Amino acid sequence: MRTCLDYHSGGAVFRPLLLAAVLAGCAVGGAKSTADEAVPAVVGARTVVVSARPFVETITAIGTIQPRVGHVAVLSSSVQGRVARVLVSAGDRVSPGQSLIELDSAVLAASARSAEATVTAATLNEERSRKLVQEGILPRRDAEQATAELARARAELITARRQAELATVRAPIAGAVTRIATTIGATVDVAQPLIEIADPSIVDIVLSTTAHDAARIRPGASVSLRSGDGPPGEPLGIGQVMDVGAAIDTATRTVPVRIHAQSTQRPLRIGEAVLGDIELVRRSDAIVVPDIALVPDGDGFKVFVVDRHGNAVARVVEVGARSDSTVEILSGLTAGLRVVTTGAYGVTEGARVVPLP
């Protein structure tokens, strides 16, 4: 194959002229290659026009559905004994006064019968003593002592009967059984928690936040609720912040935030996981762009603006709050500019941007 310097002719007269022409041609070709390399790259990307619009700054927290204070009861036994019967299961609905757990009452029943016998004997003794006093056989103080013994026996009978009644744990409120902490045959002590009942129709959402986030939340703030089964979650409705905990939970190192929802799209279940987007600040005219428009630039971010010639120009921006898939731009952009969104990572300074559908 011939190159510029390999070309030769049979006539000696024309060799210098031909060599000069060939070298000139090679120089022109080289200049053309350099010019080609200066042509800007062409990049396909999606763009959006920046506009000032309302922006809501939120934080997302996870929590659970819990019974409202005053509508839940944790029940224990007032007497020591052994569990004889468990009459309900977790999830069962119960009514006030319904029997839930029965302890073995044989010993308590025997104590009650013994107290009854004592009262009978004390009654007969008191009657006999009073009669003998009237006849002058016994002094009055013996009759008074018999009366005191009868009163003491009656008090012991009342206590024994009450103890026998307390061997049955009953529901104090209407609701559903949320937890059972004992089994048949188990020995229980006084005040040991045995069963929990809550009203499932009156519940709150308790979200857990960091101490830093809790300091920014105010009572009355709006909360968008969704199920915590997985992203994006089933929408449940809108709630309102009722109160923010004043202390950190020592177990989770978080601050509880109690949310009240007036109505939801479906009934909430106690113990159900819930996600809440808590509104912190609402601005009416913020500069907002999709978060995919941000390109890391050192310790900050930049975006690519498409100028009137269709070329990409890098702009360093200051990022403010984030919400869902958008970010607030505090400085570096103004309304009306067109910025690259999808494909921004493949754009270079000065590249020609071809908008994609």
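The structure presented is a predicted model; accordingly, all values stated were derived computationally and were not measured.

Enquirer: Help me understand the pairing of strand E18 (residues 300-306) in this model?
Expert: For strand E17 (residues 295-297) and E18, the ladder comprises 3 bridges, and the chain directions are antiparallel. Each residue of the ladder has a partner; that of Asp297, found in E18, is Gly300. Hairpin connection from E17 to E18: 2 residues lie between these consecutive antiparallel strands, with Gly298 at a positive phi of about 65°. Note that E18 and strand E19 (residues 312-323) share 6 bridges and pair antiparallel. Each bridged residue has a counterpart across the sheet, and for Phe304 the counterpart in E19 is Ala314. Between E18 and the antiparallel strand that follows it, E19, lie 5 residues; Gly310 among them carries a positive phi value of about 85°.

Enquirer: What's the story with the side chain of Glu126 in this structure? I'm lost.
Expert: As for its placement among the helices and strands, Glu126 is situated in helix H2 (residues 106-134). Reaching out from Glu126, the side chain makes a polar contact with the side chain of Thr147 at a distance of 3.3 Å. Other than its neighbours up to four places away in sequence, Glu126 contacts Ala146, Thr147 and Leu150.

Enquirer: So what exactly am I meant to see when it comes to the environment of Val223 here?
Expert: Of note, Val223 is situated in strand E13 (residues 222-227). Residues Val223 and Gln240, spaced 17 residues apart in sequence, show a C-alpha to C-alpha distance of 5.6 Å.

Enquirer: Sorry, what's going on with the pairing of E13 here?
Expert: The side chains of a regular strand alternate, first on one face of the sheet and then on the other. The pairing of E13 with strand E14 (residues 235-244) spans 5 bridges and is classified as antiparallel. Along E14, the bridge assignment pairs Ser222 with Gln240. Note: E13 against strand E16 (residues 273-290), 5 bridges, orientation antiparallel. By the bridge assignment for E16, Ser227 is matched with Val274.

Enquirer: I keep staring at the sheet that holds strand E8 (residues 168-170) and nothing clicks. Help me out?
Expert: The strands making up a sheet associate through backbone hydrogen bonding, with each pair oriented either parallel or antiparallel. Across the sheet, which stays open at both edges, the 4 strands sit in the order E8-E7-E5-E10 with antiparallel pairing between neighbours. Two strands in the sheet have a free side with no partner beyond their single neighbour: E8 and strand E10 (187-188).

Enquirer: Looking at this structure, I do not really get the sheet that holds strand E11 (residues 193-198). What am I missing?
Expert: With antiparallel pairing, 4 strands are arranged side by side in an open sheet as E4-E11-E9-E6. The outermost strands of the open sheet, each flanked by one partner alone, are strand E4 (72-76) and strand E6 (93-94). In this sheet, E11 lies alongside strand E9 (residues 175-180) in antiparallel orientation, the contact comprising 4 bridges. Bridging across to E11, Val177 finds its partner in Ile197.

Enquirer: What exactly am I supposed to notice about the layout of surface pockets here?
Expert: Leftover empty space is mapped by rolling, across the atoms, a probe with the size of a water molecule. The computed volume of the largest pocket comes to approximately 390 Å³. Together, 21 residues line the largest pocket, and Pro200, Ser201, Val203, Leu268 and Arg269 are the ones closest to its centre. Elements with a minimum of two residues in the lining of the largest pocket: E9 and strand E12 (203-209). For the lining of the largest pocket, the leading source of residues is E9, giving 3 residues. Approximately 150 Å³ is the volume attributed to the second largest pocket. In terms of lining residues, the second largest pocket is bounded by Ser76, Ser77, Ser78, Arg162, Glu165, Leu166, Thr168, Val169 and Arg170. For the lining of the second largest pocket, the secondary structure elements donating two or more residues are helix H3 (140-165) and E8. With 3 residues, E8 is the largest single contributor of residues to the lining of the second largest pocket. Taken together, the residues of the lining of the second largest pocket break down into 2 nonpolar, 4 polar and 3 charged.

Cut-offs applied
Every chain is numbered independently, its residues counted from 1 as its sequence is written. Totals for whole chains, interfaces and linings use all residues, but because this is a predicted model, local features are given only for residues with pLDDT of at least 70 and pairs of side-chain atoms are given and counted only at 80 or more. Excluded from the side-chain calculation are hydrogens and water; included are all heavy atoms of the structure. Following DSSP output, two strands are said to pair if at least two bridges run between them. A run of DSSP states H or I qualifies as a helix once it reaches four residues; a run of E qualifies as a strand once it reaches two. Both are numbered from the N-terminal end. Definition of a polar contact: a pair of N or O atoms within 3.5 Å, with one able to donate and the other able to accept a hydrogen when the atoms are protein atoms, and with sequence-neighbouring residues admitted only if both atoms are side-chain atoms. We call two residues in contact whenever any of their non-hydrogen atoms come within 4.5 Å of each other. Detection works on a 1 Å grid of protein atoms alone, calling trapped sets that fit a 1.4 Å probe cavities and calling open sets with protein on both sides within 12 Å along at least five of seven lines pockets, with lining residues defined by an atom within 4 Å of a point. Grid points are joined across faces, edges and corners, and a volume is the space filled by probe spheres set on the points. When residues are sorted by character, Ala, Val, Leu, Ile, Met, Phe, Trp, Tyr, Cys and Pro go into the nonpolar class, Asp, Glu, Lys and Arg into the charged class, and all the rest, Gly among them, into the polar class.

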